[in-house]
Amino acid sequence: MTLRLHNFFRSSTSTRLRAALNLKGLDYGYVPYALRAGETRRPGYLAKHPQGLVPALELDDGTVLIQSLAIIEWLEETHPTPALLPADPLGRARVRGLAQMISCEIHPLNNLRVLVRLRDQFGADEAAQGDWFIHWVRTTFDALEQALQDPQTGRYCHGDTPGLADLCLYAQVWNNRRFDIPLADWPTIARVFAALDELPAFTRAAPPAQPDAA
């Protein structure tokens, strides 16, 4: 199977999907897009993904999968080893919940098109955009830090095997660096990130390691 990953190096959703593909040991063709240049708004890409968002995963038969968590769930179903979700239903629910704290409560409020809208409609300058970004990160990371005090947390978010929640955490911490958000207030998150950053599957997915990094 030939996979083509349509993505942007700095996109946190793209980062989490790259790490998932790496963990699964799947090769893919890397197709970069410059978001600020509007490359995902061009007709060729909109024909693949009408929302004009990244990432999208294109299969060799032309099928295009969208939305990072949906694609990761597809990867889990079609390439179950190594598993990104625990075997037990309660564990799976916990991991999905941790992942969605980031993917549903931080990312939708802090992605590029929201920041641009704040600038264009409400006159938010870079400082105001930064305050907005940091507020929503802190709101969720404070709660996530508490959630990770659960004894089910191990080396990673759930036990000692990296999974779905770790993909989201790793990508979000990288995204936070754009606004110089330190991890000092969240020692467990910092510890998990450091452990993930020792794994080649994650470091190869990190924004600076991508061919379009700038």
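Throughout what follows, the structure given in this document is the object of discussion. (Residues numbered from 1 in each chain as written. Predicted model: local features only at pLDDT ≥ 70, side-chain atom pairs only at ≥ 80, totals over all residues. Heavy atoms only, no water.)

A few words on the packing of aromatic side chains. Taken as a whole and judged by the stated rule, the model has seven aromatic pairs. Between Phe-133 and Phe-179, the aromatic rings sit 4.1 Å apart at their centres with planes inclined by 25°, giving stacked as the arrangement. One end of the pair, Phe-133, is in helix H7 (residues 126-147); the other, Phe-179, is in the loop between helix H8 (164-176) and helix H9 (187-196), with 46 residues separating them in the sequence. Using a relative accessible area of 0% as the deciding quantity, one classes Phe-133 as buried. (Phe/Tyr/Trp six-rings, centres within 6.5 Å; stacked < 30°, edge-to-face > 60°. Helix = DSSP H or I, 4+ residues; strand = E, 2+ residues; numbered from the N terminus. Buried < 20%, exposed > 50% of the residue type's maximum accessible area, 1.4 Å probe, protein only.)

For the rest of this paragraph, the subject is the side chain of Ser-103. Mapped onto the elements, Ser-103 comes out in helix H4 (residues 89-103). Aside from chain neighbours lying at most four places away, what touches Ser-103 is Arg-16, Leu-69 and Pro-108. (Contact = heavy atoms within 4.5 Å.)

We now examine the pairing of strand S2 (residues 29-32). One ladder, built from four bridges, connects strand S1 (residues 4-7) with S2; its direction is parallel. Bridge assignment links His-6 to a residue of S2, and that residue is Val-31. One crossover worth recording links S1 to the parallel S2 by way of helix H1 (residues 12-23), and it is right-handed. (Pairing = 2+ DSSP bridges. Right-handed = clockwise from strand over helix to strand, strands pointing away.)

Turning our eyes to something else, we now look at the nonpolar core. Core analysis: the biggest nonpolar cluster contains 54 residues, and Leu-57, Phe-141, Leu-144, Leu-167, Leu-169 and Ile-189 have the highest contact counts within it. Of all the elements, H8 adds the most residues to this core, at eight residues. With near-sequence residues (within four places) excluded, Ile-189 lies in contact with Phe-141, Leu-144, Glu-145, Leu-148, Leu-169, Val-173 and Leu-183. If you look at the next biggest cluster of nonpolar residues, it comprises eight residues, including Tyr-33, Tyr-45, Val-54 and Ala-56. (Core = buried A, V, L, I, M, F, W, Y, C linked by side-chain atoms within 4.5 Å.)

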